[in-house]
Amino acid sequence: MVMERFLQHVAKRIFDMHGRDMSDTLVLFPNHRSLQYFLHELTLLKSEALIAPHVYTLDDFMLKFQPYTVADGMELLVAFATALKKTYGEEIMVDWLQHAHTLIDDFDEIDRQVENRKKFFNDLKNFKSITSLFSKDDNSEFASQYRLFWENIDKLYEAYQEELKTMGKGYNGMLLRYAAERADELAHNCDYIKQGYAVGFSGLYRCDEIFLNWLGQKFPLHFYIDADAWYCRDAGHEAGYFFRKYSSLYRVNVNELPEYLTEGEREIEIIGVPRLTPQAHVAADILCNRWNITNEALSETAVVVTDTRVLHSLLFALPENIEALNITMGMPASDTSAYGLWESLRSMLLHAYQFSESRGLSQLYHSDVLSLIQNKLLSSTFSPFKTDKLQAEIYKNNLAYISVPYIIGILGQETADVFTLPATAHEVPGYLLNIFRRVLQACLKDTQIARVQKAIEAEACMRIMVILEGAKKLTEHAPNISPAVLLNLLHKQIRQIHIPYAGEGFDGLQLMGLQETRALSFRNVIILTANEGTLPPGKHLTTHIPYRLRKEYLTTYQERNSIAAYLFYRLLHRAERVAILYNTEPDELGGGEKSRFVLQLEKELAPYLKKGSIRAYIHQPLITAAKTPTPIVIPKTSVALQKQIALLTGKGLSPSALNAYIQCTLRYYFRYIAGIGEQDEIEETPDAATIGEAVHYALEQIFLPYVGRVAPVSELHKHLNDKKQIEGWIYEKLKERFDEISLQSGKNYLIYRSCVKLVEEFLLKHFEVLETNEKSNKYLHVEALEQTLTAELPVGELVVKFNGRIDRIHRSAGDVYIADYKTGKHSTLLKITDDTFPDELDDPKNAKAVQLLLYAWLYRKQYPADNSDIVPGIYWLQQPDKELSTLQTGKSTGVVDDAMLQIFEKKIKQWVSAMLNPEIPYMQTDDEKRCKYCEFQQVCNRA
Amino acid sequence: MLHIYKSGAGSGKTYTLVREYLRLALRHEEAFRHILAITFTNKAAGEMKTRVLDALEGIARGEPRYEPLMRELCERLETDVATLQKKSESTVKRMLHEYADIAIGTIDSFVHRLVRMYAADLRVDYSFGVEMDKESLLNETVDELLAQAGDKNPELTKALVEFAEDRITEGKGWRIEHELTYLGIELFNDEARPFLNRLKNLQYSDMEQVRLMLKEKISQFNNRLKKYGSDAMKYISDAGLTAEQFRYKSSGIYGFFEKYAGGYHPPEPLGNTRVKEAIKQDKWGDEVPVDLQNTLRDIYQGIEALWAKNGSEYRLCQLLYRNFYALMLMADLERTLERIKKDKNILYIGDLQHKVYDIVRLQDTPVIYERLGEWYDHILIDEFQDTSLLQFRNLLPLIENALLKNKDNLIVGDAKQAIYRFRGGEVAQFISLPRIYGSERDSQLRAREVVIHNFSKKPEFLNRNFRSREEIINFNNNFFDAVLKCNGEIIRTAYANHRQENGSGKKGGYVNIVFIENNERAETSDADAGHTHTLEAIQMSLAKGYRYRDVAVLCMINEHASNVAAYLLRAGVPVVSSDSLLLNQSPQVNLIIADIRMRHQPGNLLYRLEWVRTLFNCSNENVPFDRINWHLAINDFQLQVAALANLELEVTDRYESSIPDRILRVARKYQIDFSDPFVQFFLDEVVAANERFGMRVEEFLEWWDTAGCKKSVVCPENTDAVRIMTVHKSKGLQFPVVIFADAWGEISPRKKYYWSEWHGNNPIHEKMPIVLLPNNKTIEQTPFADLYNRERASAMLDAVNLLYVATTRAEDALFIFTTATNSEIKDVNSYQALITKALENMFGYDGGASVSLGEFPQANVRKNETDVAIKVEPYRPSRRLLHEIGARWRPEWIMSRNTLQRIEKGNLLHEVLCAIRYAGDEEQVIHRYRSFAGGAWEAKWEEIIKGIVYHPELAAYFTNQWRVVNEHRIICGSEVYIPDRIVIQTDDCVIIDYKTGEPDKNHETQLDVYASVLTRAGKNVRKRILIYTNTLLIKSW
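This part takes up the overall build of chain A. Helix and strand counts for chain A stand at 43 helices and 25 strands. By its C-alpha atoms, chain A is 120 × 65 × 55 Å across when sized along the principal axes. Relative to its 943 residues, chain A shows a buried fraction of 61%. A separation of at least 24 residues holds for 78% of the contacts in chain A among residues at least 6 apart in sequence. Side-chain charges of chain A comprise 104 positive and 122 negative groups, with the mean position of each set lying 1 Å from the other.

With that out of the way, let us pick up the pattern of salt bridges. Enumeration over the complete set of coordinates arrives at 123 salt bridges over all chains. Note that A:Asp285 and A:Arg290 form a salt bridge whose closest N and O atoms lie 3.5 Å from each other. Since its relative accessible area comes to 1%, A:Asp285 is described here as buried. Across the salt bridge formed by A:Lys603 and B:Asp54, the nearest N and O atoms sit 2.9 Å from each other. Here A:Lys603, found in helix 32 (residues 596-605), pairs with B:Asp54, found in helix 2 (residues 42-61), and the two come from separate chains. Through salt bridges with shared partners, one network takes in A:Lys539, B:Glu29, B:Glu30, B:Arg33, B:Arg94, B:Glu98, B:Asp101, B:Arg113 and B:Glu374.

Tallied over the entire structure, the rule returns 88 aromatic pairs over all chains. Aromatic side chains A:Tyr88 and A:Phe149 sit 5.2 Å apart centroid to centroid with 20° between the ring planes, which places their arrangement in the stacked category. Taken together, the positions of A:Tyr88 in helix 4 (residues 73-88) and A:Phe149 in helix 9 (residues 141-151) put the pair 61 residues apart, joining distant regions of the chain. What makes A:Phe149 buried here is its relative accessible area of 0%. When the centroid spacing of 4.8 Å and the interplanar angle of 50° are considered together, the rings of B:Phe40 and B:Tyr420 count as tilted. Of the two residues, B:Phe40 is situated in the loop between strand 2 (35-39) and helix 2 and B:Tyr420 in the loop between strand 7 (409-413) and helix 18 (427-432); the sequence distance between them amounts to 380 residues. Owing to a relative accessible area of 7%, B:Tyr420 belongs among the buried residues under this scheme.

Between chain B and chain A, the contact holds 166 residues from the first and 198 residues from the second. Surface buried jointly by chain B and chain A totals about 16800 Å² across both partners, of which 58% is contributed by carbon and sulfur atoms. There are 15 salt bridges connecting chain B and chain A. With its nearest N and O atoms 3.8 Å apart, the salt bridge here joins B:Arg963 to A:Asp21. Bridge count for strand 2 (residues 50-51) of chain A against strand 21 (residues 970-972) of chain B is two bridges, and the pairing is antiparallel. From the neighbouring strand, A:Ile51 faces strand 21 of chain B, where its bridge partner is B:Ile970.

What follows covers the sheet that holds strand 17 (residues 577-583) of chain A. Residue and element names in this part refer to chain A. Strand order in the open sheet formed by seven strands is 10-15-9-16-17-8-18, with parallel pairing between adjacent strands. Two strands in the sheet have a free side with no partner beyond their single neighbour: strand 10 (325-327) and strand 18 (613-618). Between one strand and the next, the sheet's axes are offset by a mean angle of 15°, whatever the strand orientation. Summarising the sheet, strand 16 (residues 524-528) and strand 17 pair through four bridges and their orientation is parallel. Paired with Ile527 across the bridge in strand 17 is Ile580. Across the sheet, helix 18 (residues 277-290) touches strand 8 (267-273), strand 9 (301-305), strand 15 (509-512), strand 16, strand 17 and strand 18, and the angle it forms with strand 17 is around 165°.

What follows covers helix 2 (residues 32-44) of chain A. Residue and element names in this part refer to chain A. Given a rise of 1.5 Å per residue, 13 residues ought to cover 18 Å, and the 18 Å separating the end C-alpha atoms of helix 2 matches this to within 8%. All buried positions along helix 2 are accounted for by Arg33, Ser34, Leu35, Tyr37, Phe38, Leu39, His40, Glu41, Leu42 and Thr43. Looking one or two places after helix 2, you find Lys46, whose phi comes out positive at around 60°.

With that settled, consider the domain arrangement of chain B. Assigned domains within chain B: domain 1 (2-108 + 352-357 + 376-462), domain 2 (154-344), domain 3 (470-517 + 524-575 + 736-819 + 828-855), domain 4 (583-710) and domain 5 (905-1036). Between the C-alpha centres of domain 3 of chain B and domain 5 of chain B there is a distance of 87 Å.

With an omega of -5°, the peptide bond between A:Leu535 and A:Pro536 qualifies as cis. Here A:Pro536 lies in the loop between strand 16 and helix 30 (547-553). At the junction of B:Leu433 and B:Pro434, the peptide bond is cis and its omega measures out at 0° in the coordinates. Mapped onto the elements of the fold, B:Pro434 is located in the loop between helix 18 and helix 19 (443-454). Even without glycine at this site, A:Glu786 takes up a positive phi of about 50°. Its identity is not glycine, yet A:Ala813 carries a phi of approximately 50°, on the positive side. Mapped onto the secondary structure, A:Ala813 falls in the loop between strand 21 (798-812) and strand 22 (815-822). On the accessibility criterion, A:Ala813 (56% relative accessible area) is exposed.

Here we take up the nonpolar core. One finds A:Phe419 and A:Leu511 to be the most contacted residues of the largest nonpolar core, which totals 465 residues. A:Leu854, B:Leu583, B:Leu609 and B:Val651 belong to the second largest nonpolar core, which has 154 residues in total.

Strand order in the open sheet made by the three strands is 2(A)-21(B)-22(B), with antiparallel pairing throughout. Strand pairing shows two members of the sheet lacking a second neighbour, strand 2 of chain A together with strand 22 (975-977) of chain B, which therefore form its edges. In this structure, strand 21 of chain B lies alongside strand 22 of chain B, joined through three bridges in antiparallel fashion. Within strand 22 of chain B, the residue paired with B:Cys972 across the bridge is B:Glu975. Packed onto the sheet, helix 39 (residues 1001-1016) of chain B meets strand 2 of chain A together with strand 21 and strand 22 of chain B and runs at close to 75° relative to strand 21 of chain B.

Moving on: the environment of A:Thr262. All names here are of chain A. Following the sequence through the fold, Thr262 ends up in helix 17 (residues 260-263). On the basis of relative accessibility, which here comes to 5%, the residue Thr262 falls in the buried class. With residues up to four places along the chain from it excluded, the contact list for Thr262 reads Trp230, Leu605, Tyr608, Leu609, Lys610 and Lys611. A distance of 3.4 Å separates a polar atom in the side chain of Thr262 from a polar atom in the side chain of Glu259.

Now for helix 31 (residues 557-573) of chain A. Its 17 residues give helix 31 of chain A an end-to-end C-alpha distance of 24 Å, which sits within 8% of 24 Å, the value for a rise of 1.5 Å per residue. With 14 of 17 residues buried, helix 31 of chain A lies mostly within the body of the structure.

Residues and elements named next belong to chain B. Here helix 5 (residues 107-117) crosses helix 15 (residues 349-362) at 60°, and the two axes come no closer than 9 Å. With respect to their mutual orientation, helix 5 and helix 15 come out oblique. Seen from above, helix 5 lies across helix 15 with left-handed handedness. Across the interface between the two elements, Ile107, Asp108, Val111, His112, Leu114 and Val115 from helix 5 touch Ile349, Leu352, Gln353, Lys355, Val356 and Ile359 from helix 15.

We now examine the domain arrangement of chain A. Residue and element names in this part refer to chain A. Here chain A is partitioned into domain 1 (6-66 + 181-256), domain 2 (72-170), domain 3 (261-330 + 502-618), domain 4 (334-499) and domain 5 (638-680 + 691-931). Domain 1 puts six residues into the contact, and the matching count from domain 2 is five residues. Roughly 570 Å² is buried in total at the junction of domain 1 and domain 2, and carbon and sulfur atoms are behind 42% of that figure. Of all residues in domain 1, Tyr205, Arg206 and Cys207 bury the most surface against domain 2, accounting for 69% of the area lost on that side. Between Glu115 and Arg206 there is a salt bridge, with the nearest N and O atoms lying 2.6 Å from each other. Top contributing element to the side of domain 1 that touches domain 2 by residue count: helix 13 (residues 206-218), with three residues. Of the residues assigned to the side of domain 1 that touches domain 2, the class counts are three nonpolar, no polar and three charged.

Each value, and the rule that gives it
- Residues numbered from 1 in each chain as written.
- Chains lettered and ligands numbered in written order.
- Predicted model: local features only at pLDDT ≥ 70, side-chain atom pairs only at ≥ 80, totals over all residues.
- Heavy atoms only, no water.
- Helix = DSSP H or I, 4+ residues; strand = E, 2+ residues; numbered from the N terminus.
- Buried < 20%, exposed > 50% of the residue type's maximum accessible area, 1.4 Å probe, protein only.
- Contact = heavy atoms within 4.5 Å.
- Lys, Arg positive; Asp, Glu negative; His and termini not counted.
- Charge placed at Lys NZ, Arg CZ, Asp CG, Glu CD.
- Salt bridge = Lys/Arg side-chain N within 4 Å of Asp/Glu carboxyl O.
- Phe/Tyr/Trp six-rings, centres within 6.5 Å; stacked < 30°, edge-to-face > 60°.
- Buried area = accessible area lost by both parts, 1.4 Å probe.
- Pairing = 2+ DSSP bridges.
- Axes fitted to C-alpha atoms, helices over the stretch in contact; angles between N-to-C directions.
- Expected span 1.5 Å × (residues − 1).
- Domains from an automatic or database assignment.
- Core = buried A, V, L, I, M, F, W, Y, C linked by side-chain atoms within 4.5 Å.
- Polar contact = N/O pair within 3.5 Å; in protein donor to acceptor, adjacent residues only side chain to side chain.
- Parallel < 35°, antiparallel > 145°, perpendicular 65-115°, else oblique.
- Left-handed = near helix turned anticlockwise from the far one by under 90°.
- Nonpolar A, V, L, I, M, F, W, Y, C, P; charged D, E, K, R; others polar.

Structure, rendered in structure tokens:
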């Protein structure tokens, strides 16, 4: 048999009592949702027509006839700031303004709950854990401010209320207390009421209680409560706490209460699921597969979400056949682009103010700028072409900090108001409002966006603007406020914005928070995240009032937990199928413990069940081994081969291409055939290649005047004395890649300095060596700098081209030296022996040998007439005490002779033939060690 | 009294703790609120709570398995069983309902609550977040510090440049971020805290002097050595000799002097054996004249004397100099980190202890309790050996307070299982009990020590092992006896009384130690012989009737655990492991990441390539690489690839939303199966981390690369699968079969830096407040050698303890896989050496491939555990996104808010009218709305309102003859009607509606509808009245 819903029952009873005209009847509810459901139940009565009773939430009813209205969040802050200033002066104000939210909440509850506030504040002021926090003779600034603050806390409270009253406003607690205390003055407002009902109440504040008592004296007031004997009878059960406490007000007789929990025919499943998101999936599975909810049953089904983080995935996972859906929680602002815009702006401002001393406000952090121009709302007001350009520039030039004129230069003058930052906190709200106004107008005009999305974004913008408008006033009242504090306060407000969903009202599946389930009844209930700390919320309370005083005057976690307990058990009253899901995984600061309610069900209720069942188990995700990705093999199709030939005969092979091939043919393919280079990710500092470039450039400049002649050390030395010159060269080169401003500070500056140091250190030692050489009449004769050598080699029918750019060629004592500068780590070069040469060149650890041999070979090819001995080698710039490092060729100076070069040429042919062999595909190397520094390791799953 | 239990593995530590908890809790109903039980992890806390509640429930019901416990409790509480059962019942009930008052938890969670309670007092914002990830904090700190370099911060810039340049001169490259990060780890080190505080007053100018001083000392020393060297070379060349005449030429005594002469040091400062042959045995070479020998020997002795006298100081100066800029930058890093935390309103988890230290220093314990709302009479601490100095210091006042009230307190621990030194655990605190470690340096501690000591019972030893079978207990007894023989003082103290008796009486058991040859242990994961041994051991267990869930594989290194897991999964063995089912193994997850990365930087071809690869990976097809044109515009590129992959893709960019939303969108784009656990857990991690990156794709990708990719799928405990975990995580657990899969590796000092006070006087001392030395063997040659030696001893204790924890987890069978040591063991500086050496000591192990003891027992089939495997049936998710549910579309609202005027004017007047019930109300209503509406209020409205209320035709309906209902619902079936005003007299009524616009026929129809509905509700509608407010035109019928 289907049980009557609670509100259905109440609606029927009231209708039965008062008939079709209930306009002399008042019905009060604890919240809006229960009120609406009640009205809905009236429509379901299918009476021909009826005049509804007066329905209100208790709060609304109490607030309705007030001379004051409820202030919004920013108004509260403004009043609070003013009160702080009046009570304490401006010095300590800002510090405490940051705690405004908590203090305001505390005041709110004091008003609702405390009758003798004078006594309360007296106790608070003398409370030991406050007065003894600093020793009496601690005269530090904070200590004295702290004492001053607490000694005058009651004055602050008074001043705050006064401030609000002059605005014609108040906060909830203040106005509710007003209603309770002056009910008689408001009495004439309810003289049309003959009788009243209060439906679904449980916990009350003191002022509610006073007011309800008063109402009860004015006219007959009947309480409909929805409680179960099981937990009300039990003096230790928190779910029944309020019914025992208010038993005389509610006229509850625990012995006459229904026994829903023990008598009901109900299946309860308690399911442990690791983490949050998987719970969404299990919930969906239950709805779809196990319960088989039909569309008609949707409205009798509730999914209760106690942790909103699960909402995204829940919605995504819900079964397809669930068409109608109603979400009562509202969409968190953080899911909108408007909020994203706020976040980006906030971050940009915070960064800018943080460094304003060293950097001024005219340089912005690249990732702030990127996230701003990538924001769809804002970028729709820019020219897409220009934002693309800016983005490309940022990536291309490695801009870490970007100057405002530069940005405006690209994006256009019309964006100046976005990137010209406000200099003071006072200008911040206006600056932000301006941007949001611009964005909102664009959004409303935009025909591209879907209607629902437009509604959400516009709504979010509006709500943010309301807050910003309030912030304008705040800055007027808090002249000392810093931008960071202001942004922090604003953030607290904006973060709380929720946008109501357009739902299916009463018909669809109900997705709701626990609070919203008050007084509603569902046959199928799924509760997610039934964990301590969430359900019930646990011990943590944000408050300035010490526990003992809370216990004496206000409420504590016990009341909060009792409310949660009641709501939890009440949901079960009329449910037939219940699934309770909890997270099995603890996190580091607690959590992950299953809810005490679950324990209570298992340990206490289960033995008394007359019908129905409780079943508990842990959900097991089904893990399958991740498939090993298939190895990458690229066959040399005709297309691939064509590209290969084009490369060999066109651009030609460089030492690095050849080495890439030796290291891994796939890497070679990606880089040289497909043309996928090193990643272009934004680097906040120059990468190794850039450093190399700058250093090479400086070294080239130094020797440039001596090309074709001897470079005497005596002359070279002057470069070392003129530091400016080296700095200039390095700077000149780095400037090509980086924004100049970014070179003047931060990492790039350090890199710049390091490059200079690298060059100087190298030259210092290098010149020492040259000096020693000169003493034995070996002079440095510079032949060429940064010269590209080329050669051709017939392989089969093709003529394959080779080229290599050589850092420095010089001659000394008759020999030709081919020198390569390396900024990387020093390593020993290959020892060439008859047994292993040239086969060991196939080992990529000999890549440098291949490079040097190829240089020597190219030189010989290009200058066949020159029969001097060739010595290829490397200058390790980081090891400046080393002379030119050469291959260990068995000859003392590292000479590479023609015999070696001939063998090497054969080896080259062998490589090229392999490249051209259609039978040999491009494939990953087997040796995973080679992948360590490869940019494609992610692609190959070798990371 | 303070009870101290020192115990071994499997000896019932937790049982003791639970029993003590129960004894205290069962004295009276409220008692449990005043017991604070501290465990090491949250998981342990959860288990202890469960054990306590289960025991109480079991006792109340008189379950047989709780009989021994009942007896013990009856005895200790001096009560009978019936009373005990009744008490248990009422206690468990109270606990279930006052659950938040059960104080069983970790020290961190306790401290966290305390800090929240005192937030404002500590100048912390209430809503502070707790950051667990020090790596990301540190990266941010380093980035910010570097960003500060530049002309505006000349001193910092100089330090950074010098630091960077030093790295370059040392050949370490220019990536100083890495070096700074390395340095920054010290900021999170409790031990460094007092030193860091003293760094705050560091002056750059003083430090520069110190630097020059150090430099001077170093070069003085070097110059003197060089002088000796060149003197020697001069004598040699004066005598007409060259290297040729000397024995060993340049690699003997000649080379020794030559090196010094050239300004270098020979690798051994006093020469190698060849050098010593010359000096000690006169073997110089036949052609070296004797007088030259003597001269050179004199010089050598000069060098020797110099090293003896100044060598240690020189080494110290070198180390200090090397670390010089590090010390200066440490102070800057600290400042930067503090600012970041303040700006982001976060505390690092480790800060909590420091914050609480501030509280316990300032306030008496009773006052703290008052603020907190609870007080603890009994503090029970588990796993005390892993408590950090600060943690203990924070708990001490509470313990002292309890002891002074003459209450029972309890500390349980095992020095042999101290393996969390890297997190700040200080085992010496446990070993010293009831003395307080470090009290000699702190007067406050000394005072507390007196109390603790006076109230302490003599430590008790729990020496019976209830966990393992006999063979395993014996093995461990003998093994660690043997280990002790090769080790130092601190280990002997910790392992005093380590031998255990067999507590359960279970006989038999099996131990198998395998020595894997090094070449067998190839680096590629699949060929790893260690893995095949593991698989064999698992198969062996299955053959003996064990289930997968009975087997645990313990590893020292995460990476190894991950490899084993991958290997076993591929071999078809089900596996549960928090370290191994990494999210980045999932092709689906990788595809989502690749998509986002590519769309973020469409021009980056590498990202395109990664996307293509992951896309084809998901379908397990080969990529037609040669048919892809990589250089197309991004949308065309995607379309091209989609066509090759036979996919339909939506490639246009949609509205930006949050990262989780974007990920779901991408998941939908590729039809990714949401029931895949990898995808679910991926999303879960993203949702949890979302706070950090908000909308920023860049930060999201950075998070993924640094932290996200290391997350893994979480499996619940009771799955029937082999458990794979690190030895650290296995602490406190036990398994029938344990496979210790990688008992090899170096044992070396773990500290990165050494902090110290100066000993004695030193001119540097005055300017440079403290000593900071990098971890380097040469510390041994400085006056701070003891620091290094102590660290080495601690590292050895860590290692032995790790072995102890691993080998004592097993109930029935234990496998240890280590590597074979091929050469003779000189220093015991690796696990393999330690194990080999111990086995040699134990029974003369002589290098065989494996050793086994006992028999692999048959498994006891446990009947009361049932496997629950829930299969999720496939279904079609709707894949709805939050956005698509939509908001209520309210353009009017928006337009009015746009000008930030709350209510449209017409509506406002309407609202005012509906607020008036009777004549006389209007004054108050007008007053209220006027102040509320501000500028929107129009002066003429007052006239209009009064005109209506006192209008001759209407005035009657504004008297209390009538019951007035304004804007009230009339319900008819499922329809609802809301007329502006109805006045009722019993069964009669009049309908009144206010209109702002021009008269309209529709208005009349509307009122007629109202009338007919009211008629059906049983009313006689006497009149309908339309009031046009603009013109005060009244129409009635």
